[in-house]
Amino acid sequence: MYTLLLVILVIDSVLLLAAVLLQAGQGGGLASLGGGAGTEMFMGGRQAVTLLTKITWWCAAIFLTLALTLAIMASHSGAPRSVLEGNIPAPAPIQSTPLPLPLHQSQPAGAPARASPGQPAPSKPTNP
C-alpha cells in the first residue's frame with residue numbers, strides 16, 4: 001500500500017511540474033512592486049480559468065493529500081526511527097589491554113651501563 005501511494009505521488013509530482021511550467025506567466029513579476037503599481041499590477045488581473053489551471057489545482061490537492069497520508073503511515077510503522085532505537089550490538093573493543101612498550105636499548109648487550117647525569121656510576125662486576 002505504501003509503495004503504491006509513493007508511486008502515485010511521484011507521478012502526480014511530475015504532472016504538477018509539467019502543468020506549472022506550461023502555464024503562461026503573469027508578467028512583471030517582482031519588478032512591478034516598485035512605485036505606484038496598483039493591485040492589478042501587484043496581484044495580476046482576473047484571468048479566465050483554463051484547463052492547465054484546473055489541472056494544477058487538482059494535482060496540488062492530490063500531492064498534499066498523498067504527502068500527508070504517507071507521512072502519517074510512516075510515523076505509525078513499527079520500524080525504528082533512529083539508529084539508536086534499533087537492536088544493534090555494541091562494537092567489540094579493538095584491543096582490551098595495552099601493548100607492552102619495547103625497551104629502548106641504545107647500548108650493545110656486552111657494554112657496561114653508563115650513568116645518567118647526576119647519578120653515581122654503576123659498580124663494576126667482579127670476576128673471581
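What you see as residue numbers is a count from 1 along each chain, following the sequence as written. In keeping with the model being predicted, local features are shown solely for residues with a pLDDT of at least 70 and side-chain atom pairs are shown and tallied solely at 80 or more, while totals for entire chains, interfaces and linings include all residues. Water and hydrogen atoms play no part in the side-chain values, which are based on all heavy atoms of the structure.

(A) Molecular detail of the overall build of the chain. Put simply, DSSP H or I for four residues or longer makes a helix, DSSP E for two residues or longer makes a strand, and each gets a number counted from the N terminus. Of the regular secondary structure elements, the chain holds three helices and zero strands. Tracing the chain from N to C terminus, the helices and strands come up as α-α-α. Residues count as neighbours in contact if any of their non-hydrogen atoms are within 4.5 Å of one another. Partitioning the contacts of the chain with sequence separation of at least 6, the portion at a separation of at least 24 is 71%. All accessible-area figures derive from a Shrake-Rupley calculation using a 1.4 Å probe, and residue coverage is judged against the displayed protein chains alone. Element-wise, carbon and sulfur atoms account for 68% of the exposed surface of the chain, whose accessible area totals about 11,700 Å².

(B) Fine view of a nonpolar patch on the surface. The grouping of V7, I11 and L15 at the surface amounts to a nonpolar patch, some 270 Å² of accessible area in total. The topology assignment puts V7 in helix α1 (residues 2-22). A relative accessible area of 44% places V7 in the partly exposed class. Candidate patch residues must exceed 30% relative accessible area and have no salt bridge, after which like charges are joined if within 9 Å and Val, Leu, Ile, Met, Phe, Trp or Tyr side chains if within 5 Å. The salt bridge criterion pairs a side-chain nitrogen of Lys or Arg with a carboxyl oxygen of Asp or Glu, the two atoms within 4 Å. Note on classification: 1.4 Å probe, protein chains only; a residue is buried when its accessible area is under 20% of the maximum for its type, exposed when over 50%, partly exposed between these limits.

(C) Highlighting the side chain of T56. As for its placement among the helices and strands, T56 is situated in helix α3 (residues 51-75). Overall, the relative accessible area of 14% leaves T56 in the buried class.

(D) Quick look at α1. For a helix, the expected span equals 1.5 Å multiplied by the residue count minus one. Across its 21 residues, α1 extends 30 Å between first and last C-alpha, which sits within 8% of the 30 Å expected from 1.5 Å per residue. Structurally, α1 contributes buried residues whose contacts are with α3.

(E) Summary view of the packing of α1 against α3. With axes taken as lines fitted to C-alpha atoms, and helix axes fitted only over the stretch in contact, angles between N-to-C directions fall between 0 and 180 degrees. Their axes nearest at 9 Å, the elements α1 and α3 cross at an angle of 150°. In terms of orientation, α1 lies roughly antiparallel with respect to α3. In this structure, α1 meets α3 at a crossing whose hand is left-handed. Any residue outside Ala, Val, Leu, Ile, Met, Phe, Trp, Tyr, Cys, Pro, Asp, Glu, Lys and Arg is labelled polar, Gly included; the first ten of those are nonpolar and the last four are charged. Residue classes in the contact of α1 with α3 are distributed as 21 nonpolar, three polar and one charged. Roughly parallel refers to an angle under 35 degrees, roughly antiparallel to one over 145, roughly perpendicular to one between 65 and 115, and oblique to any angle outside these ranges. Handedness of a crossing follows from how the near helix is turned relative to the far one, being left-handed for an anticlockwise turn of less than a right angle and right-handed for a clockwise one.

(F) Seen up close, the side chain of D12. Structurally, the position occupied by D12 is in helix α1. For the charge count, each Lys or Arg is scored as positive and each Asp or Glu as negative, with His and the chain ends excluded. Comment: no salt bridge for buried D12; closest opposite-charge side chain is K54, at 17 Å. Among residues more than four places away in sequence, those in contact with D12 are C59, I62 and F63.

Any functional reading would require information beyond the geometric quantities listed.
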